[in-house]
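# Tertiary structure, described
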Amino acid sequence: MTHIDAGAELDPVHPVPIPASARVQGLSAAEVAERIARGEVNDVPVRSSRSMGEIVRANVFTRFNAIIGVLWLIMLFVAPFQDSLFGYVIIANTGIGIIQEWRAKKTLDSLAVIGEAKPTVRRAGVAVTVSTSEIVLGDLIEIGPGDKVVVDGSCAEADGLEIDESLLTGEADPVVKQPGDEVMSGSFVVAGGGAFTATKVGREAYAAQLAEEASRFTLVHSELRTGISTILKYVTWMMIPTAIGLVISQLVVKEHGFKDSIARTVGGIVPMVPEGLVLLTSVAFAIGVIRLGRKQCLVQELPAIEGLARVDTVCLDKTGTLTEGGMDVTELRPLQGADQTYVRKVLGALGESDPRPNASLQAIIDSYPDVEEWRCTESLPFSSARKYSGATFSEGNGESSTWLLGAPDVLLPDGDPALTETERLNEGGLRVLLLARASKDLDDAKVKDGARPTALVVLEQRLRPDAADTLRYFAEQDVRAKVISGDNAVSVGAVAGKLGLSGSVVDARHLPDEQVEMAKSLDKGTVFGRVSPQQKRNMVGALQSRGHTVAMTGDGVNDVLALKDADIGVSMGSGSEATRAVAQIVLLNNSFSTLPSVVAEGRRVIGNITRVATLFLVKTVYSVLLAILVVCWQVEYPFLPRHLTLLSTLTIGVPAFFLALAPNKERARPHFVRRVMRYSIPGGAVAGVATFATYLIARHYYTGEGSLDAETSAATLTLFLISMWVLAIIARPYTWWRICLVAAMGGAFLVVLMVPGLQHFFALKLVGTTMPWIAVSISAVAAASLEFLWRWVDRRFPA
C-alpha cells in the first residue's frame, strides 16, 4: 500500500488525502451536502409491507378471479341479473381484501418508523442521530455494544471493539477490530466501542439486501398459506376435467334451451372455486396485524403470528424480559479488609471508563460518582462470553492499578470463601458482582488468574410487574417456559421462583455439548444460568431437534444468535438494534405482557381459518361430485348460479366471516391440509350424494311444465339443510352468538321460501308437500351420517 501521509486517509471514492482531523471530526455540513448532491446516500427503500400497487395486484389478479370473471361476463349476456350475483360477490370480496391489507400496511409502516434504529453519526465533531437512509458515503458512524453495522465501512476508531460476524460468515467467535480493518454491514458489536467510515452505502452495501429481507412484510413461508395453496392446486386439477365434462354434457342435453343450459353449466363450475378462502385468510391475518399494532407490537414477518400460535416452548432471557432493565445497588461488601472509601473510588472510576455501560454498570455509576484525579489508561469492555469487564487506571498519585468487575464464579477459583457468601445472596434473587484487583495486564488472556477479590457489589433487580401473569398464562396454555440467562443460575432461579415459575435450576456450564444429551437436560430443567451466547443458540437447536416449536425472547446483543435460530424471535423495542433487526416480532412498548396477545391472535387466526376452510372445501367437494354425477347420468345440472350464490352466502360466506374473527384459544396444530381434508371429503361426499338422490327422485315425481324448477327447489332444500348441519358442526362448541348466527342463517332461507318476491328472484318454489318432506327426510339421514362419519374420522385419523 502506498502511504500518502501518516495523518491522512483516502476518500473512498475520490483519492484525495483527508487530514487526520477529518477522521476525528467527521464530515462537515458542506461535505454532506456535496455527497447528497452526488447521490452518495444510503437511500435503500426498506419497506415493512407491500406497496399499494402490489396489494391491488395480489388481490385482483388471481387464477380464480380470472375464472370467475370470465364466467361472470358470460352470465351477464345469457342469463338474468340474479344469475350473475356471484360476480358482484367476488368484487366485494376483493375490495374487502384490498382495504384490510391497506389498513394493515398503514399500521405496519407507522410502527416500523417508531421502531426504526437511529445510528449515531459524527459530523463536524458533533455526534448526531440520523435515520439509516440519511447516512452518506464517508460518514463517521459511532458504534457500541448491541449496535448493528448498517453499512460497509473501514474501522476508524476502536476501544476494545469486538464485532460478531456470525450472521454473515457463520464464524461464532467475535472478531477484534483495529483501525483500518473492514467492518461488514449486518454484523453487530458485542463488546467495546469505536467508529467506522462508511465505504459502501445504498444498494452497494450488504445491509441493503439484509435489512430489506429482514424487515419485509411477507405472506410466504407459512404452513397455513402453503397448505391453502396445495389445496387450491388440487382443486384446479379436479375442476378443469370436471368442468369440461359438465360443459359438454349440458350442451348435449339442452332440453330447456341453450341459454338455460349455459346458465346451469356456469352454476356447476362457480361453486367448485373456494374463492373466499384465500380472501378470508388474508383478511384474518391483516386484522391480526392491526389488532397487534394497536398494542404497540410490530410484526415484521406475517407468518410470525401463525408461528407463535404453534409455539410449545418459550425461552425467556431474564434481564429485560422477566426483570426491568434498571437495577439498584443495595450493598457493598469489602473483602479481605479492603478500605470501603477506596473501593468506592475504584467503582466510580470503572463506571466512568465505559462510554456505553450496561444495566449493572449503570447502577454502579448512579451510586458511586467518578473521582476526577483517576484516569483510565486502558479498558476491557464487558462481553457476555467472558462475563467480566476491566480497566487500568492512573490513580493521580503516581500509582497504577488494574481492576476487573464481573461474575464471582467466573473470576474466583472453586472453593474461594467469597463464593459461599455470593451463593447465599444469589438464593435471595440478588445479583452479585465481584470487584477484583488484577496482577496481570488487561491484554493478557489469563488476566483473571490470580486476581485478588476486593469487594462484592450487591444489586437488586426490578421484577416486571406483568411477568408473573404472563408466565401463568403460558402455563395455562400448555406452553413450557425456559429461563435462559447469562447470570448466576441460583440468582436466576430465585427470580423465577418469585414469579411463580417452578422447576429445577441448572448451571449451563455443566450441560453436555452433544445435542441429544443437551436436549434431554433441557426437557428436565426450567431455569438455566451462566449460559454463553453460543450456548443459547445451541439450546434452541437442541429443543427444536426434539420436535419443539421454540420462541426466544431477548433484548441484549447476547441473544441475537438464539433469536435468529428460533422459530420465532421476539425482541423488546428498547433492545439492541441487532436484536430488533433479526426478531420477527418487536414489542415496541417493552411490555412482556403483550406476548399473550400475540399468541392469542395467532391461535385465533390459525384455529378459525382451519374451521372455515372446512366450510369452503365441503362446497368444493360436493360441487365436483355433483358435476360428475350429472355427467354420468346425462341430466341437466340441478342448480342455477343464483341458487348456489344464496346457499354459499348463508351457509359459508356470512358465517365464515364471523367465525374467522371469533376468539379461539386452542393451540395451533400441524398438518393443516390433512386436518381440513379429513372432514371436507366425507362432508362434501355426503352432501353431494344426498342432494343428487333428492334431485333424481324429484325428476321421477314431477312431470310437465315447470317440473325443472320444482326439481331444483327440492334439491336446493336438501343441499341447504345439509350445509346448515355442516355449519352447525363447525360452529361448535356453541356460545349464544354462534347459536344466533346459525339460527339467523336458517331464518334468512325461510324468509326466501315464504316471500313471493324473493321466491321469484331466486327461482325457488316448493311444490306440494310430499317431495319437500322427502327432501327433509333425506337431509336428516345425511345429517346423521355426517355425525357418524366425522366421529369415525376423529378416531381413525387423529390430527
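To be clear, the structure that these remarks concern was listed above.
Residues numbered from 1 in each chain as written. Predicted model: local features only at pLDDT ≥ 70, side-chain atom pairs only at ≥ 80, totals over all residues. Heavy atoms only, no water.

## Re the overall build of the protein
We apply this condition: For helices the rule is a DSSP run of H or I covering at least 4 residues; for strands it is a run of E covering at least 2, with both sets numbered from the N terminus onward. Only protein chains enter the accessibility calculation, which uses a 1.4 Å probe; a residue is then buried when its area is under 20% of its type maximum, exposed when over 50%, and partly exposed in between. Contacts are residue-level and defined by heavy atoms, with any inter-residue pair within 4.5 Å sufficient. All accessible areas in this document rest on Shrake-Rupley with a 1.4 Å probe, and a residue is counted as covered only by the protein chains that are shown. Asp and Glu count as negative and Lys and Arg as positive, but His and the ends of the chain are not part of the count. Positions of charges follow a simple convention, taking NZ of Lys, CZ of Arg, CG of Asp or CD of Glu.
A count of helices and strands for the protein gives 28 helices and 23 strands. Oriented by its inertia axes, the alpha-carbon framework of the protein measures out at about 120 × 60 × 40 Å. In the protein, buried positions account for 57% of the 799 residues. Partitioning the intrachain contacts of the protein with sequence separation of at least 6 by distance along the chain shows that 73% fall at a separation of at least 24. Carbon and sulfur atoms provide 58% of the accessible area of the protein, an area that totals close to 32900 Å². Averaging the positions of the 75 positive and the 84 negative side-chain charges in the protein gives two centres separated by 10 Å.

## Examining the nonpolar core
Keep this limit in mind: We call a set of buried Ala, Val, Leu, Ile, Met, Phe, Trp, Tyr and Cys residues a nonpolar core when their side-chain atoms join them within 4.5 Å.
Counting 129 residues, the largest nonpolar core has Leu308, Ile585 and Phe749 as its most contacted members. In terms of residue count, the dominant contributor to this core is helix α22 (residues 595-633) (18 residues). If you look at the next biggest cluster of nonpolar residues, it comprises 25 residues, including Cys315, Ala542, Leu563 and Val582.

## Here's the deal with the sheet that holds strand β11 (residues 313-316)
Note the cut-off: At least two bridges found by DSSP between two strands is the condition for calling them paired. Axes here mean lines fitted to C-alpha atoms, for a helix over just the part in contact, with angles spanning 0 to 180 degrees between N-to-C directions.
Taken in spatial order, the eight strands line up as β10-β23-β22-β21-β11-β18-β20-β19 in an open sheet, and their pairing is mixed. A strand with exactly one partner marks an edge of an open sheet, and here the two such strands are β10 (297-299) and β19 (504-507). With strand direction ignored, the average angle separating the axes of adjacent strands in the sheet is 20°. Pairing geometry for β11 and strand β21 (residues 550-554), over four bridges, is parallel. If you follow Thr313 over to β21, its bridge partner there is Val550. Taken strand by strand, helix α19 (residues 533-545) contacts β11, β18 (480-484), β20 (525-529) and β21, and its axis lies near 160° from that of β21.

## Re the packing of aromatic side chains
Quick note on the threshold: Between rings of Phe, Tyr and Trp, where Trp is taken as its six-membered ring, a pair exists when centres lie within 6.5 Å; planes separated by under 30 degrees are stacked, by over 60 edge-to-face, and by other angles tilted.
For the coordinates displayed, the defined rule picks out 15 aromatic pairs. Geometrically, the ring pair formed by Phe761 and Phe762 is edge-to-face, given 5.0 Å between the ring centres and 80° between the ring planes. Judged by relative accessible area, Phe761 falls into the partly exposed class, the value being 27%. Accessibility expressed as a relative area gives 11% for Phe762, which makes it buried. These aromatic residues form a ring-pair network of at least three members: Tyr342, Trp374, Phe393 and Trp403.

## Quick word on the packing of helix α23 (residues 641-660) against helix α26 (residues 736-754)
Short version of the rule: We call two directions roughly parallel when the angle between them is under 35 degrees, roughly antiparallel when it is over 145, roughly perpendicular when it lies between 65 and 115, and oblique otherwise. Two helices cross in a left-handed way if the nearer one is turned anticlockwise from the farther one by less than a right angle. They cross in a right-handed way if the turn is clockwise. All residues other than Ala, Val, Leu, Ile, Met, Phe, Trp, Tyr, Cys, Pro, Asp, Glu, Lys and Arg, Gly among them, are scored as polar; the first ten of these are nonpolar and the last four charged.
As a packed pair, α23 and α26 sit with axes 10 Å apart at the nearest point and diverge in direction by 160°. Of the possible angle classes, the one that applies to α23 and α26 is roughly antiparallel. Note that α23 runs across α26; the crossing there is right-handed. Contact residues: Leu646, Leu647, Leu650, Val654, Pro655, Phe658 and Leu659 in α23; Trp737, Arg738, Leu741, Met745, Ala748, Phe749 and Val752 in α26. Split by residue class, the contact of α23 with α26 holds 13 nonpolar, no polar and one charged.

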